[in-house]
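# Coordinate inspection notes
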Amino acid sequence: MRRTNFAGLLAGLAFALTVAAFVTTAQAQTAAPPYVTTKVEGTDNVYIFRYAGHQSMFIVTKAGVIVTDPISLRRPAAKAYIEEIQKITKAPIKYVIYSHSHYDHIAGGKPFKDLGATFIAHKNAKARIAELKPADVVLPDQTVGDKKVITLGGTTLELHYVGKNHSDSTLVMRLPKEKIIFTVDWIPLGAIQFRDMADTHLPELEDGLKKVIAMDWDRLIAGHPGPGGRQTGNKDDVRNQLAYLQDLSAAVKKALSANKSYADAQKEIKLPKYEKWGGYEAYLQMNIERYYDFHNRGI
Ligand SMILES: [Zn+2]
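On a predicted model such as this, the values are computed, not experimentally measured, just so you know. (Residues numbered from 1 in each chain as written. Predicted model: local features only at pLDDT ≥ 70, side-chain atom pairs only at ≥ 80, totals over all residues. Heavy atoms only, no water.)

### Digging into the coordination of the zinc ion
In the first shell of the zinc ion, the protein supplies H100 (NE2), H102 (ND1), H166 (NE2) and D185 (OD), at 2.1 to 2.2 Å from the metal. Geometry at the zinc ion is irregular, judged from its 4 donor atoms and the angles of 88 to 173° they form at the metal. Taken in chain order, the donor set of the zinc ion reads H-x1-H-x63-H-x18-D. Residue class for H100 comes out buried when judged on its relative accessible area of 0%. (Donors = N, O, S within 2.8 Å, 3.2 Å for Na, K, Ca; no water. Tetrahedral: all angles 85-135°; square planar, octahedral: opposite > 155°, others 65-115°. Buried < 20%, exposed > 50% of the residue type's maximum accessible area, 1.4 Å probe, protein only.)

### As for the sheet that holds strand β8 (residues 147–152)
Strand order across the open sheet formed by 6 strands is β8-β9-β10-β11-β12-β13, with mixed pairing between neighbours. The sheet is open, and its two borders are formed by β8 and β13 (232–233), each paired with just one other strand. Pairing of strand β11 (residues 180–182) with strand β12 (residues 219–221), which is carried by 3 bridges, proceeds in the parallel orientation. Bridged to F182 within β12 is I221. (Pairing = 2+ DSSP bridges. Helix = DSSP H or I, 4+ residues; strand = E, 2+ residues; numbered from the N terminus.)

### Examining the pattern of salt bridges
Where charged atoms from two side chains of opposite charge approach closely, those side chains can pair. Under the counting rule described, the total for this entry stands at 12 salt bridges. Note that E83 is salt-bridged to K79, the shortest N-O span being 3.0 Å. Taken as a pair, E83 and K79 lie in helix α2 (residues 77–88) at a separation of 4 residues, close to a single helical turn. Where K273 meets D247, a salt bridge forms, and the shortest distance between an N and an O atom there is 3.4 Å. (Salt bridge = Lys/Arg side-chain N within 4 Å of Asp/Glu carboxyl O.)

### Topic: the side chain of Q266
If you trace the backbone, Q266 turns up in helix α8 (residues 262–268). A distance of 3.0 Å separates a polar atom in the side chain of Q266 from the backbone oxygen of Q285. One polar contact links Q266 to E289, side chain to side chain, over a distance of 3.1 Å. Dropping the residues within four chain positions of it, Q266 is found in contact with Q285, I288 and E289. (Polar contact = N/O pair within 3.5 Å; in protein donor to acceptor, adjacent residues only side chain to side chain. Contact = heavy atoms within 4.5 Å.)

### Let's talk about the side chain of T43
By the secondary structure assignment, T43 is in the loop between β1 (35–39) and β2 (46–51). In this view, T43 contacts E178, I180 and R219; residues no more than four positions away in its chain are not counted.

### Thoughts on helix α6 (residues 204–214)
Burial in α6 covers these residues: L205, E206, G208, L209 and V212. Each buried residue of α6 lies within a common arc of 155° when the element is viewed along its axis, so the set occupies one face. For α6, the secondary structure elements touched by its buried residues are β10 (171–175), β11, α7 (235–257) and α9 (280–297). (Arc of directions from axis to C-beta.)

### Quick word on the layout of surface pockets
Put simply, the largest pocket is a space of about 560 Å³. Every residue lining the largest pocket is counted, 27 residues in all, and those nearest its centre are H166, D185, Q193, F194 and H224. Considering only residue class, the lining of the largest pocket consists of 12 nonpolar, 10 polar and 5 charged. (1 Å grid on protein atoms, 1.4 Å probe; cavity = no way out; pocket = protein on both sides within 12 Å on 5 of 7 lines; lining within 4 Å. Points joined across faces, edges and corners; volume = space filled by probe spheres on them. Nonpolar A, V, L, I, M, F, W, Y, C, P; charged D, E, K, R; others polar.)

### Considerations on the environment of I181
Assignment of secondary structure puts I181 in strand β11. Owing to a relative accessible area of 0%, I181 belongs among the buried residues under this scheme. Not counting the four nearest positions on each side in its chain, I181 is found in contact with V172, M173, R174, V212, W217, R219, L220 and I221.

### Examining unusual backbone geometry
Each neighbour pair has its own omega, and for L202 with P203 the value is 5°, a cis peptide bond. With respect to the element layout, P203 can be found in the loop between β11 and α6. For K179, which is not glycine, the phi dihedral falls at a positive 55°. Take K179: it is sitting in the loop between β10 and β11. Overall, the relative accessible area of 29% leaves K179 in the partly exposed class. The phi torsion at M197 lies on the positive side, around 60°, for a residue other than glycine.

### Brief notes about the pairing of strand β4 (residues 64–67)
Neither face of β4 is open: one carries G64 and I66, the other V65 and V67, and all of them are buried. Note: β4 against strand β5 (residues 93–97), 3 bridges, orientation parallel. Opposite I66, over in β5, you have Y95 as the bridge partner. A crossover links β4 with its parallel partner β5, the connecting element being α2, and its sense is right-handed. (Right-handed = clockwise from strand over helix to strand, strands pointing away.)

Below, the structure is given as structure tokens:
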């Protein structure tokens, strides 16, 4: 009897596995690909390539294409990115520009390098990549100090360094004619800062936001979509982010002056104005800890 039962169990399991495999295959065949390309409304040639939760801006000109982050860490996004570009144009991909040094945005550029693209990043990003030698990150060919201007096929793209913020190598890429900027991770759309704000420099982050508000632009392409899949923002997003950081900073400072511990500050500080923002539940306590360290220890 036991033997029969075991055989029956195995047969049942095999059947279940077959059904599961069939369902998985059927889902794989019907599921949308993890990427999509969107033309930025009102422009002739500015696009956003989104792969899962990461976004990258690219600009198509007759003389070639300017690409930004490859967003290919441990996934084949670059291959899809190149295929998407080649559906639009056969012009060569001339540049790949890194937004900052973090791997989740800049890994996987080799397929672009193989096509002859010139890689550009802030000088601190190049130094960091040269030092850490991450697997699958192409070392930049050219670097930016405070500013560099690229012109290609009638498009002008300015690369600005506004100081340390979410890294010490973040560029603000500005298209002056289109009044669009692309800058990554430090100005989330309708969301608080990521986790414990690793690699983030305070108080320079707030200074940088003020500099970006003072620049001439209308639309911001972020490195990740905001809640609801929103891909672009405007100056209100920057002003709101600055207000959030100032409110958070003031709340932590107040807790410190009342001799609250890390744990009590994390437990007691609430910022209801931002409770609908992305990451509020998951990351607020970590954001608090970052500001606590800054005010308490100057780090
Ligand atoms: Zn980052």
